[in-house]
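What the coordinates show
Each chain is listed here by its residues.
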Amino acid sequence: MFGAGPADAAQASPSSRVTLTINGERRTITVDNRTSLLDLLREHLGLTGSKKGCNAGACGACTVLVDGRRVNSCLTLAVRLDGAEVTTIEGLAKGERLHPLQQAFIDHDAFQCGYCTSGQIMSGVGCIDEGHTGSPEEIREFMSGNICRCGAYVNIVRAVEQAAHGK
Amino acid sequence: MSPQPQAAVGAPLSRVDGRLKVTGQAKYAADHDIDGVVHAVVVDSSIARGRITGIDTRDAEAQRGVLGVISHLDKPRLTYRQNQVSNAFPGERLHVFQDDTVRFFGQPVAVVVATTLEAAEHAASLVKVSYDAEESATDLTRGPAQDGPPPFARPYARGNAEEALGSADVRLDLAYRLSRNHHNPMETHATIARWDGDKLTVWDKTQWVIGTQNELAAVFGIPLENVRVLSPFIGGAFGSALRAWPHVTIAALAAREIGRPVKLALTRRQMYFTVGYRPAYEYKLRLGSTRRGRLTAMTHDFKYETSRYEQFWEANLALGQMLYAVPNVSQNPQIVPLDVSTPLWMRGPGYGSSAFVIETAMDELAYKLGIDPIELRLRNEPGEDPSTQQPFSTRRLRECFRVGARAFGWRRRDPRPRSTRDGDWLIGTGVATGCYDVFRGQAQAHARLDADGTAVVQSATHDTGTGTYTSMTQVAADALGLTVRNVTFRLGDSAMPPAPAQGASQTMLSVGSAVQDTCDMLREQAIKLAVEDERSPLHGVDPDDVVVRGGRLHVKGDPARGETYRQLLARNNRTYLEARGSYTPEEESRFSMYGYAAMFAEVAVDARLGLVRVRRMLGVYDAGRIISPKLAESQAVGGMVGGIGAALLEHTVTDHRDGRIVNANLADYLVPVNADIPDLKAVYLDGEDYKAAPIGVKSLGELVQIGVAPAIANAVFHATGRRVRELPITAEALL
Ligand code: FES
Ligand code: FES
């Protein structure tokens, strides 16, 4: 059972043009209105650092910053982001110089498989910016939207502490 | 040959692949950028048993971008040869799209391929499948049980357990219920498949590139050498990627039929249907003891779920046979075939489930006898393996408990249940033994030393997060006498020298020993070249007196006399030296080999709400030599987190009316989050076990999770006086 492929008669989904800044680079893109920010990054722009763990807002693997705030990119429709500024894990380091939280993750071995790591780090950057790093308990609470099935939580908290307080 | 100085092994190094992982550059299966790739989405069944009576694909195919819909109606040609190199179970594996039979809820029944993911997802939702549904059975407690598959799940007996129970001073008769758990690695399973003529390349999430290569060759009826499987990074697996599941075949099939490379990623929901799980158990344990706490008898009668098409087994007998010196034992394992997909080994398979039962029962016995739970265990320490009469290669469980008790502050504990309060919280502490086999497999490796003094070592092994890249680099660096920076370890390619599956904690031992052998050979080759070379400062030196350090060969005890690899290779006009080595375990070992752990937990239970919070945990491990301490600690702490999940949260819920898993998502299937995890501590006993392996290691990755759930359950009892013989332990059970 094979379709005729893209044909004129085929039902096309509406698409829109959006202009947004991704990791400092301004881009104008035509997106399928159904496309999430996560799929836009991964499937259309080749930025595969953001991960899909659930596609439903439950795991945080897809966390990126939109206008400085952490969001689950799987739940964010790309078409709504006209004019937005998006930072992904690929945009965090300054050239060869890692962001202090990236370095802290390496120092504290705050990951094993690394699949949740992009989301943890982006979420950690948000957590630090929001000032929710007063105590390990507070960090745990505000980092609980990011699941790590490898169980690196103890070291994730230490890494966020290090980056927040230069410890 | 002179032993090499140990510099890298044992050093707390950071992961060598850390930079790739924190910058988002590590490529997991779905991340590979393959030219011309199109997207596949699986349509799965909405009944658990019956026949497909029709598949209407018209709406789906009318979508722009849809390239095709494939199902059994297209009669896709697949060979399904027998395949011995597979973690399949007795029975016959599920064949993809070969007939109209539905065997479980969520079985793949069609696949949609489209140029974009959005189009494929939407079109998949438009495929209408009609069924002739039959009544399904998915409830373990109601299905008829039968004997498990030989040779792994056969009854076992020693002595006369019935008689010994009859005459025991003290007897316990206990029934347990353990829930089904899903591995739920954060990375969903994904495969990219590309055909070049009759050659197939797949980028896959797999813990066994060689196994997946063999399975694809068998399913498609093509020579093994026509298939290449790549898996450089794996986003966790915990056992779920130990076999090539149907979606791997579907990706390759779709690529063949559509004539384009195809990417197929399962959804999180689909992860609950077709990539295995830890089966539910019903377990009856009877235990006989003297008044002084010497065990006289144990009987294990249990059943667990499997599919109707394969007879699953797991290692659920060993602990009952070897953990304690019990003269009379009987075990009667049974399986219950149901309208479900086949389970697959999940971290600490079999051991984790049986340890929960045995170790909480030991705690009950300790209370019944008024003996300290650690003391009770020590009174039943065997001098040799009670099931084989073999000596233990090493067994340092006593030491684990001694070290752990001191560090945890065990002696300060008031043993009476419900004796300690902290406001509304009831506080309790508990212990349990952890123990896991030392599995060993054949492995090979290749090493090349280049003229610039750097080396590349490779083996078709895997890194699910365990740290293989790093630990193998450490072993290779010391064996070659190079700094870690000058060694690159590669893995995850079926074209590399073969290695076993990354499961059963066998990688460090097996592949590590092969890497050691390979790099020893390569170093000796270089030394030979030097001592036989008249122009070398090492000319004429006994090769056994030469060591290599920092890339420089020199006489042991006379560092001034020597030269570097670079000088040696340049002078001899060699662009590289290479070696291929291996590890093969002896066919029959004279020793009983296991890793051991003492697990300690402190919990707080809300007296009014029944809510359980873990306050702290400590694990002390006898795991042999520790190659990579920083990563070993992460493994141990991760094992505790996994165990906390199993103890308190994880529970796959099936609606037995239609076989649907109702919590097939991460919002309803609870796993530990950061706020659930306090400070956790791990201590590895110093030491090594050269009877187990040439590099002195035992096993680690499973061991660290085995005793966690029972230690927590025992702490919950101590806190509340309530004995819960069920997993997970929920607030409801404590109210
Ligand atoms: S993928 Fe977005 S929250 Fe899980
Ligand atoms: S590091 Fe594997 S899921 Fe977090």
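Position labels on residues start from 1 in each chain and follow its written sequence. Lettering of chains starts at A and numbering of ligands starts at 1, both following the order in which they are written. Under the rules for a predicted model, residues below a pLDDT of 70 receive no local features and side-chain atom pairs below 80 are neither given nor counted, while totals for whole chains, interfaces and linings still include all residues. Only hydrogens and water are set aside when side-chain values are computed; all heavy atoms of the structure are taken into account.

Let's shift gears to the overall build of chain A. Secondary structure elements follow DSSP: runs of H or I of four or more residues count as helices, runs of E of two or more count as strands, with numbering from the N terminus. A count of helices and strands for chain A gives five helices and five strands. Helices and strands in chain A line up, N terminus first, as β-β-α-β-β-β-α-α-α-α. Each principal axis of the C-alpha distribution contributes one length, and for chain A these read about 60 × 35 × 25 Å. Within the span of chain A, comprising 167 residues, buried residues form 56% of the whole. We call two residues in contact when some of their heavy atoms are within 4.5 Å. Excluding contacts between residues fewer than 6 apart, the proportion of contacts in chain A whose partners are at least 24 apart in sequence is 53%. Positive charges come from Lys and Arg, negative ones from Asp and Glu, while His and the chain ends are left out of the count. Note that the charge is assigned to NZ on lysines, CZ on arginines, CG on aspartates and CD on glutamates. Positive and negative side-chain charges of chain A, numbering 16 and 18 respectively, have mean locations separated by a distance of 1 Å. Whether a residue is buried, partly exposed or exposed follows from its accessible area with a 1.4 Å probe, protein chains only, as a fraction of its type maximum: under 20%, in between, or over 50%, in that order.

UniProt positions are given in the numbering used here, feature names are shortened, and annotations may be inferred rather than shown by experiment. The UniProt entry lists residues 23-135 of chain B under the feature "domain: Aldehyde oxidase/xanthine dehydrogenase a/b hammerhead" (unreviewed entry), expressed in the numbering used here. As annotated, residues 23-135 of chain B has a helix share of 12% and a strand share of 31%, and its two end C-alpha atoms lie 51 Å apart.

pLDDT measures how confident the predictor is about each residue, on a scale from 0 to 100. Looking at chain B, the pLDDT average stands at 97 and 100% of residues meet or exceed 70. For this predicted complex, the interface score ipTM comes out at 0.97, while the overall pTM is 0.97.

Once that is clear, we can look at the environment of Lys556(B). All names here are of chain B. Relative to the helices and strands, Lys 556 is located in the loop between β23 (552-555) and β24 (558-564). A sequence separation of 282 residues divides Lys 556 from Thr 274, and the C-alpha atoms of the two residues are 57 Å apart. Leave out the neighbours within four places in its chain, and Lys 556 touches Ser 2, Asp 545 and Val 547.

All names here are of chain B. A pair is scored as a salt bridge if a Lys or Arg side-chain nitrogen falls within 4 Å of a carboxyl oxygen belonging to Asp or Glu. Applying the stated criterion to the full structure yields 56 salt bridges over all chains. Notably, a salt bridge pairs Arg 180 with Glu 305, separated by 3.1 Å at the nearest N-O pair. Of this pair, Arg 180 sits in the loop between β9 (170-178) and β10 (190-196) while Glu 305 sits in strand β15 (residues 295-307), and the two are 125 residues apart along the sequence. Glu 364 is the salt-bridge partner of Arg 723, the closest N and O atoms lying 3.9 Å from each other. Pair noted here: Arg 723 is in the loop between α17 (708-720) and β31 (726-727) and Glu 364 is in helix α9 (residues 351-369), with a separation of 359 residues, a long-range link. Residue Arg 723 shares its accessibility class with Glu 364, and that shared class is buried.

Quick look at helix α12 (residues 468-480) of chain B now. A helix is expected to span 1.5 Å multiplied by its residue count minus one. Here α12(B) spans 18 Å end to end across 13 residues, near enough to the 18 Å set by a 1.5 Å rise per residue. At the exit of α12(B) stands Gly481(B), carrying a positive phi of roughly 70°.

Moving on, we get to a negative patch on the surface. Each patch is built from salt-bridge-free residues with over 30% relative accessible area, joining like charges within 9 Å and nonpolar side chains (Val, Leu, Ile, Met, Phe, Trp, Tyr) within 5 Å. Per-residue and other accessible areas were derived by the Shrake-Rupley procedure at a 1.4 Å probe size, with only the shown protein chains allowed to occlude residues. A cluster of acidic residues, Glu524(B), Asp542(B), Asp544(B) and Asp545(B), forms a negative patch at the surface. Mapped onto the elements, Glu524(B) comes out in helix α13 (residues 507-531).

This part covers the layout of surface pockets. If you add up the space inside the second largest pocket, you get close to 630 Å³. If you trace the second largest pocket, you find 35 residues lining it, with Asn55(A), Glu121(B), Ala265(B), Leu266(B) and Thr267(B) closest to the centre. Elements supplying a minimum of two residues to the lining of the second largest pocket: α1 (37-44) of chain A together with β1 (38-44), α3 (117-126) and β13 (262-265) of chain B. At six residues, β1(B) tops the list of elements feeding residues into the lining of the second largest pocket. Think of a 1 Å grid over just the protein atoms. A cavity is a set of points where a 1.4 Å probe fits yet cannot get out, a pocket is an open set with protein on both sides within 12 Å along at least five of seven lines, and lining residues have an atom within 4 Å of a point. Grid points are joined across faces, edges and corners, and a volume is the space filled by probe spheres set on the points.

Before going further, it helps to spend a moment on the side chain of Glu187(B). Residues and elements named next belong to chain B. You can see Glu 187 is positioned in the loop between β9 and β10. Relative accessible area serves as the criterion here: at 2%, Glu 187 is assigned to the buried category. Polar contacts involving the side chain of Glu 187 include one to the side chain of Lys 205, which spans 2.9 Å. A 3.5 Å cut-off defines polar contacts: any pair of N or O atoms within that distance qualifies, except that in protein one atom must be a possible hydrogen donor and the other a possible acceptor, and neighbouring residues in sequence count only when both atoms are side-chain atoms. At 2.7 Å, the side chain of Glu 187 and the backbone nitrogen of Gly 235 are in polar contact.

Residues of chain A with pLDDT of at least 70 account for 93%, and the chain-wide mean is 94. A low-confidence stretch, residues 1-8 of chain A stays under pLDDT 50, and its non-local contacts, those more than four residues away or across chains, total 22 contacts.

Residue and element names in this part refer to chain B. Planes of paired rings set the category: under 30 degrees apart is stacked, over 60 is edge-to-face and the rest tilted, where pairs are Phe, Tyr or Trp rings (Trp by its six-membered ring) whose centres lie within 6.5 Å. For the structure shown, the criterion picks out 27 aromatic pairs over all chains. Between Phe 152 and Trp 313, the ring centres sit 3.8 Å apart and the planes meet at 15°, which makes this aromatic pair stacked. You can see Phe 152 sitting in the loop between β7 (146-147) and β8 (156-158) and its partner Trp 313 sitting in the loop between β15 and α8 (318-322), a full 161 residues away along the chain. For Trp 313, a relative accessible area of 18% corresponds to the buried category. Cluster of aromatic residues (ring-pair linked, three or more members): Phe 89, Phe 152, Tyr 281, Tyr 283, Phe 302, Tyr 304, Phe 312, Trp 313 and Trp 345. In this analysis the charged atom, NZ for Lys or CZ for Arg, is taken to sit over a ring once it is within 6 Å of the ring centre and within 35 degrees of the ring normal. One residue, Arg 616, lies across the ring of Phe 408, its end atom 3.8 Å from the ring centre.

Further remarks concern the pairing of β15(B). All names here are of chain B. The buried fraction of β15 amounts to 12 of the 13 residues, a majority that puts the element mostly inside the structure. Pairing between two strands is assigned when DSSP locates at least 2 bridges connecting them. Here nine bridges tie strand β14 (residues 281-289) to β15, and the two strands are oriented antiparallel to one another. Of the residues in β15, the one forming a bridge with Ser 289 is Leu 295. Linkage of β14 to β15, two consecutive antiparallel strands, is achieved through a turn of five residues, within which Gly 293 is found at a positive phi near 90°. Relative to strand β16 (residues 328-338), β15 is paired through 11 bridges, and the arrangement is parallel. The residue of β16 that forms the bridge with Glu 305 is Val 336.

With 60 residues of chain A at the interface, the matching set in chain B holds 72 residues. As a working definition, buried area equals the accessible area (1.4 Å probe) given up by two parts on being put together, with both sides summed. Together chain A and chain B conceal approximately 5,300 Å² of surface at their shared face, both sides included; 53% is due to carbon and sulfur atoms. Inspection of the region where chain A meets chain B yields seven salt bridges. Note that Asp109(A) and Arg15(B) form a salt bridge whose closest N and O atoms lie 2.6 Å from each other. Counting the contacts that link chain A with chain B gives 27 residue pairs in polar contact (both at pLDDT 80 or more). Taken together, the elements giving at least two residues each to the side of chain A that touches chain B come down to α1, α2 (100-107), α3 (117-130), α4 (136-142) and α5 (153-165) of chain A. The element that contributes the greatest number of residues to the side of chain A that touches chain B is α5(A), accounting for six residues. Ten residues, namely Ala, Val, Leu, Ile, Met, Phe, Trp, Tyr, Cys and Pro, are considered nonpolar, four, namely Asp, Glu, Lys and Arg, are considered charged, and the remaining ones, Gly among them, are considered polar. Class assignment for the residues of the side of chain A that touches chain B results in 25 nonpolar, 18 polar and 17 charged.

Here the focus is the sheet that holds strand β18 (residues 425-437) of chain B. Residue and element names in this part refer to chain B. Ordered by their spatial adjacency, five strands build an open sheet running β17-β18-β26-β27-β30, and the pairing between neighbours is mixed. The two strands at the open ends of the sheet, each matched to only one other strand, are β17 (420-422) and β30 (680-684). The average undirected angle you get between the axes of adjacent strands in this sheet is 25°. Bridge count between strand β27 (residues 612-622) and β30: five bridges; the pairing is parallel. Counted as the bridge partner of Leu 618 is Lys 681 from β30. Angles shown run from 0 to 180 degrees and are taken between the N-to-C directions of axes, each axis being a line fitted to C-alpha atoms and, for helices, limited to the stretch in contact.

Moving on, we get to the nonpolar core. All names here are of chain B. Val 515, Leu 553, Phe 600, Met 617, Tyr 621 and Ile 712 are the most contacted members of the largest nonpolar core, which totals 243 residues. With 11 residues, α13 is the single largest residue contributor to this core. Discounting chain neighbours no more than four positions away, the residues touching Phe 600 are Ile 374, Phe 401, Gly 404, Ala 405, Phe 408, Trp 410, Gly 430, Val 431, Arg 616, Met 617 and Leu 618. Here, nonpolar core means buried Ala, Val, Leu, Ile, Met, Phe, Trp, Tyr and Cys residues that are tied together by side-chain atoms lying within 4.5 Å of each other. Ranked by size, the runner-up nonpolar core spans 21 residues in total, among them Val 41, Ile 47, Ile 52 and Ala 114.

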